[in-house]
Amino acid sequence: MGGRKLMMGRGGLIGERDSAYTTVRLRIPAGIVYSSQLSAIQDAADRFGDGRIHLSTRQTLEIPHVRREKAQEVLDFLAQAGWYQQDLSGNIRNVVACPGTSSCPNALIDAQALALEIDSLLTECADVPGKVKVGVSGCANGCGHSLLCDLGVVGRAEIAFDPSLCRRCHRCVREACRTGALQVQGGSESVRLDPALCEGCGLCVPACHAGALAVNRVIWQVWVAGKLGRSPRFGLELARLASPAAVLDLAGALLALWKAKGQAGERLGDFVRRLGLGGIRHALGLPSSGRLAAQPLPRNREATMRLA
Ligand code: SF4
Ligand code: SF4
Ligand code: SF4
C-alpha cells in the first residue's frame, strides 16, 4: 500500500502516482478513430509521454506519463489532428457504442450514429450535477454495455409471426432462438411464439425461409441507472421508443430534469433511483408501464445524423 494515495482527476487529465505526471485521456465518441489521426497520437506519445498508449475500457485512448505542465500542449497538438478533448469537469465520460448497423450483422439500430448524437447533446450541457456514462448497443447482445451505464440504449425487434405461412421446418427453434420463445407444440409440431420470452434479437427472421417470421418494428429500448465500479448494478428499463429521434428527445429531457433537480455531485443513475422510475416517467410524460410510447415525445432538437 506504500505508494497508494488518493488520485484526483479532471476528466481528461488523470493524476498519476508521481504527481509531476498526468495521463491525458481523449474523448472518442463511439470509439471511432480515423487512420489519418493515428500518426498524431503516435507523435504525442513519443514526444510528450513515454511512448505508450493505453486503451481504456470506455473506448478511449490515453497517453500516460505526460509532465503536468505539458498537458495542455498535448491536447492542443492533438486537436489539430482532429482529436476531441475530454470534458475537463470529469462528469461526462466517453459515450460508448458497439458497431451497430455500420458492420455487425446482428444489429437492429445504428448504434454509432445515435452515440454521436448523444455525445453532441452532452457537450451542449456540460454543467451537469455529476457523472454520466452512456452506452449504446445495436441488439440484445448488449456489446455497448448499455445496462451498466447511467443511460443505455439497446435495439430490439418486435417480432410478428404468421402461423399460416409456417412450414413447420423448426429451423427457427433449432438454429436461432436461444430463449425458448419459439417452441414446437407437442403432437401437431406447429410452432408457437411466446412474446414474454422473446428478447427481440431478431435472429429468427433470417432463419425462416418461409416468411412466417418478420420484424414488425424496431424498438429503441432505454435503460437507466446501471453502473459498474465498487457497487455494480444493472440498469432499469425506462422506456421503449419507436425512433432514434424519440431517444434523443428523452435523453435531452432527462438531462434537463437532472440539471434542474439533481443534487451537486449526484450522478445521473443515483438521481433516477432517488426519484424512482415512476417519478421519472411522470416528470417526462412517459407511459407508467415503460411499454412502447404511443406518441413520440415532444421534440427538443433535430436529429441530423443518418438515423433512420
Ligand atoms: S450489441 Fe449486437 S449489434 Fe452490437 S456488436 Fe454486439 S452483436 Fe453486434
Ligand atoms: S423457420 Fe419459419 S417455417 Fe420453419 S418452423 Fe420456424 S416459423 Fe415455421
Ligand atoms: S427475436 Fe430472438 S428471442 Fe425472439 S423469438 Fe426470435 S430468436 Fe427468439
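Since the structure is predicted, the reported quantities are computational estimates derived from the model, not experimental observations. (Residues numbered from 1 in each chain as written. Chains lettered and ligands numbered in written order. Predicted model: local features only at pLDDT ≥ 70, side-chain atom pairs only at ≥ 80, totals over all residues.)

Undergrad: Could you give an account of the overall build of the protein chain, with specific residues and numbers?
TA: What the protein chain contains, in helices and strands, is seven helices and 12 strands. Summarising the internal contacts of the protein chain: among those between residues at least 6 apart in sequence, 66% fall at separations of at least 24. (Helix = DSSP H or I, 4+ residues; strand = E, 2+ residues; numbered from the N terminus. Contact = placed C-beta atoms within 7 Å.)

Undergrad: Which residues make up the environment of arginine 233, and what are the values?
TA: Within the secondary structure layout, arginine 233 lies in the loop between strand E11 (213–224) and strand E12 (236–241). With 85 residues separating them in the primary sequence, arginine 233 and leucine 148 have C-alpha atoms 6.9 Å apart. Sequence-distant contacts of arginine 233, that is, excluding residues within four places in its chain, are made with Gly226 and Lys227.

Undergrad: Describe the site of ligand 1, and please don't skip the residues or the numbers.
TA: Neighbouring residues of ligand 1: 13 residues in total, closest Cys98, Cys104, Gly138, Cys139 and Cys143. Residue classes in the shell around ligand 1 are distributed as seven nonpolar, six polar and no charged. (Near = placed C-beta within 6 Å. Nonpolar A, V, L, I, M, F, W, Y, C, P; charged D, E, K, R; others polar.)

Undergrad: Report on the confidence of the model for the protein chain, specifying residues and quantitative values.
TA: For the protein chain, per-residue confidence averages 89 on the pLDDT scale, and residues scoring 70 or more make up 90% of the total. Counted against residues more than four places away or in other chains, residues 294–308, with its pLDDT under 50, gives 32 contacts. (pLDDT = per-residue confidence, 0-100.)

Undergrad: Could you give me a rundown of the sheet that holds strand E6 (residues 96–97), with the residues and numbers involved?
TA: Within a sheet, neighbouring strands are paired by backbone hydrogen bonds and run either parallel or antiparallel to one another. Reading across the sheet, the five strands line up as E6-E7-E8-E11-E12 and stay open at both edges, with mixed pairing between neighbours. This sheet does not close on itself; its edge strands, each paired only once, are E6 and E12. Across five bridges, the pairing between E11 and E12 is antiparallel. Directly across from tryptophan 220, in E12, lies its bridge partner leucine 241. Relative to the sheet, helix H6 (residues 244–261) contacts strand E8 (151–161), E11 and E12, its axis offset from that of E11 by approximately 10°. (Pairing = 2+ DSSP bridges. Axes fitted to C-alpha atoms, helices over the stretch in contact; angles between N-to-C directions.)

Undergrad: Talk me through the site of ligand 3; I want residue IDs and the actual numbers.
TA: Every one of the 15 residues lining ligand 3 counts as a neighbour, but Cys177, Ala181, Cys198, Cys201 and Cys204 are closest to it. Across the shell around ligand 3, the residue classes tally to 11 nonpolar, three polar and one charged.

Undergrad: Explain the packing of helix H3 (residues 111–124) against H6 residue by residue, including any values.
TA: With their axes 11 Å apart at the nearest point, H3 and H6 run at an angle of 25° to one another. Our classification of the angle between H3 and H6 gives roughly parallel. Between H3 and H6 lies a crossing of right-handed hand. From H3, Leu114, Glu117, Ile118 and Leu121 reach across to H6, where they touch Pro244, Val247, Leu248, Ala251, Gly252 and Leu255. Among the residues making up the contact of H3 with H6, the classes are represented as eight nonpolar, one polar and one charged. (Parallel < 35°, antiparallel > 145°, perpendicular 65-115°, else oblique. Left-handed = near helix turned anticlockwise from the far one by under 90°.)

Undergrad: Describe H6, and please don't skip the residues or the numbers.
TA: Owing to its 3.6 residues per turn, the α-helix aligns residues three or four sequence positions apart on the same side. In this model, H6 (18 residues) spans 25 Å end to end at C-alpha, consistent with the 26 Å of a helix rising 1.5 Å per residue. Of the positions making up H6, those classed as buried are Pro244, Ala245, Ala246, Val247, Leu248, Asp249, Leu250, Ala251, Leu254, Leu255 and Trp258. Lining the buried residues of H6 we find H3, E8, E11, E12 and helix H7 (268–284). (Expected span 1.5 Å × (residues − 1). Buried ≥ 20, exposed ≤ 12 C-beta atoms within 10 Å, placed from the backbone.)

Undergrad: Which residues make up the packing of helix H1 (residues 38–48) against helix H2 (residues 71–79), and what are the values?
TA: Where H1 contacts H2, the axes come no closer than 10 Å and their chain directions differ by 160°. The orientation of H1 relative to H2 falls into the category roughly antiparallel. When the axes of H1 and H2 are compared, the crossing they make is right-handed. Contacts between H1 and H2 involve Ala40, Ile41, Ala44 and Phe48 on the former and, on the latter, Val74, Phe77 and Leu78. Tallied by class, residues from the contact of H1 with H2 come to seven nonpolar, no polar and no charged.

Undergrad: Would you mind going over the environment of valine 136 in detail, with residue names and values included?
TA: Tracing the backbone through its elements, the reader meets valine 136 in strand E7 (residues 134–137). Classification of valine 136 as buried rests on a count of 33 C-beta atoms within 10 Å. When residues no more than four places from it in sequence are discounted, the contact partners of valine 136 are Ala97, Ala111, Leu114, Ala115, Gly144, Ser146 and Val153.

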